[in-house]
Amino acid sequence: MAANALEARRQAALAREKIRRYDIVSIVLHWLTVLLVLVQIVAGLVMTDLERGTTQDVLYYTHKSVGIAVLLVVLLRLLWRIGHPWPPLPPDTPSAQAGLARLNHLLLYVMLLVMPISGFVFTAAGGYPVPFFGLVDLTGVIAKNPDLAKTAQWVHLSAQWVVYALVALHVLGALYHLVVRKDGVFQRMWP
Ligand code: HEM
Ligand code: HEM
């Protein structure tokens, strides 16, 4: 019995050593997305709390431009993912946990599309400028439409709470792998 348990642990350790890392492009795109989303959340919350003025203008400009950049980075990530799928989790991962992780990642991708698209529609349909770092002005892409702008604003402001919840679960999951399971899953996304 003891020999069996020892053998099972040896097999699990071997499987962990063999766990595949994400490729470098996926890792770079993941951490770039994290950085840009953090900028978005901080800029978004601060700019809506400020008095009118230059600081607020700069933050709005940054928030809108970086938000479009998030959309581009996520589209790139999704395209890249087609040819470079999720490396399999360690074989001893409970299937419910693997399912939850997949669902969490899927919903994160959905929200990474919903946030920039709703922000863009809300701004452009409201008739406000949509700069992209001074390279192009996307304002005219959508005709002015106050009703559409209002709906998109509601989506944008509400969806942020879904993002917070998903990111909190995601980070807790990552830390659970790092501290409790110690199965190399955290390290495979670490730069
Ligand atoms: C991943 C991308 C994005 C995230 C995570 C994000 C997040 C946020 C957050 C947290 C707020 C503050 C909400 C509040 O005060 O309760 C906000 C507000 C805002 N966002 Fe975004 N945003 C993103 C993309 C965009 C884009 C692409 C645009 C426009 C092109 C945009 C336009 C705005 C505007 C205009 C506001 C002010 C809302 C208001 O005054 O009611 N956002 N965003
Ligand atoms: C804005 C914050 C974040 C977002 C939007 C995000 C998004 C994602 C997405 C979509 C995936 C799935 C990658 C794929 O297979 O295509 C992923 C994987 C991963 N993320 Fe994040 N992430 C964020 C923050 C973090 C943080 C702060 C950590 C570490 C503490 C982290 C650790 C990981 C790990 C370890 C994986 C790989 C999980 C696995 O192999 O099953 N993430 N992330």
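Above this text is the structure in question.
Residues numbered from 1 in each chain as written. Chains lettered and ligands numbered in written order. Predicted model: local features only at pLDDT ≥ 70, side-chain atom pairs only at ≥ 80, totals over all residues.

A.B. asks: Please clarify how the site of ligand 2 should be interpreted in this entry.
C.D. replies: For ligand 2, the set of nearby residues contains 19 residues, the closest of which are Val37, His105, Leu108, Ala174 and Met189. When residues of the shell around ligand 2 are traced back to their parent elements, those giving at least two are helix H2 (24-47), helix H4 (95-125) and helix H5 (146-181). Across the shell around ligand 2, the residue classes tally to 13 nonpolar, 4 polar and 2 charged. (Near = placed C-beta within 6 Å. Helix = DSSP H or I, 4+ residues; strand = E, 2+ residues; numbered from the N terminus. Nonpolar A, V, L, I, M, F, W, Y, C, P; charged D, E, K, R; others polar.)

A.B. asks: How do you make sense of the packing of helix H3 (residues 54-83) against H4 when you look at a structure like this?
C.D. replies: For any two helices packed against each other, the geometry comes down to the angle between their axes and how far apart the axes lie. Two elements in contact, H3 and H4, have axes whose closest approach is 9 Å; the angle formed by their N-to-C orientations is 145°. Two packed elements cross with a definite hand, and for H3 against H4 that hand is left-handed. Together, Lys64, Gly67, Ile68, Val70, Leu71, Val74 and Leu78 of H3 and Tyr109, Leu112, Leu113, Pro116, Ile117, Gly119, Phe120 and Thr123 of H4 make up the contact between the two elements. Within the contact of H3 with H4, the residues separate by chemical class into 11 nonpolar, 3 polar and 1 charged. (Axes fitted to C-alpha atoms, helices over the stretch in contact; angles between N-to-C directions. Left-handed = near helix turned anticlockwise from the far one by under 90°. Contact = placed C-beta atoms within 7 Å.)

A.B. asks: Help me out: how do you make sense of the site of ligand 1 in this one?
C.D. replies: The environment of ligand 1 is formed by 22 residues, the closest being Gln40, Gly44, Thr48, Gly67 and Gly119. Here the shell around ligand 1 is composed, by residue class, of 11 nonpolar, 10 polar and 1 charged.

A.B. asks: Quick question: what am I supposed to make of unusual backbone geometry here?
C.D. replies: The phi dihedral of Phe133 falls on the positive side, at around 50°, and the residue is not glycine. Of note, Phe133 is situated in the loop between strand S1 (131-132) and strand S2 (136-137). Using a count of 12 C-beta atoms within 10 Å as the deciding quantity, one classes Phe133 as exposed. Unlike most non-glycine residues, Lys182 shows phi in positive territory, near 45°. When you line up the elements, Lys182 lands in the segment after H5. (Buried ≥ 20, exposed ≤ 12 C-beta atoms within 10 Å, placed from the backbone.)

Treat this as a map of the structure, not an account of what it does.
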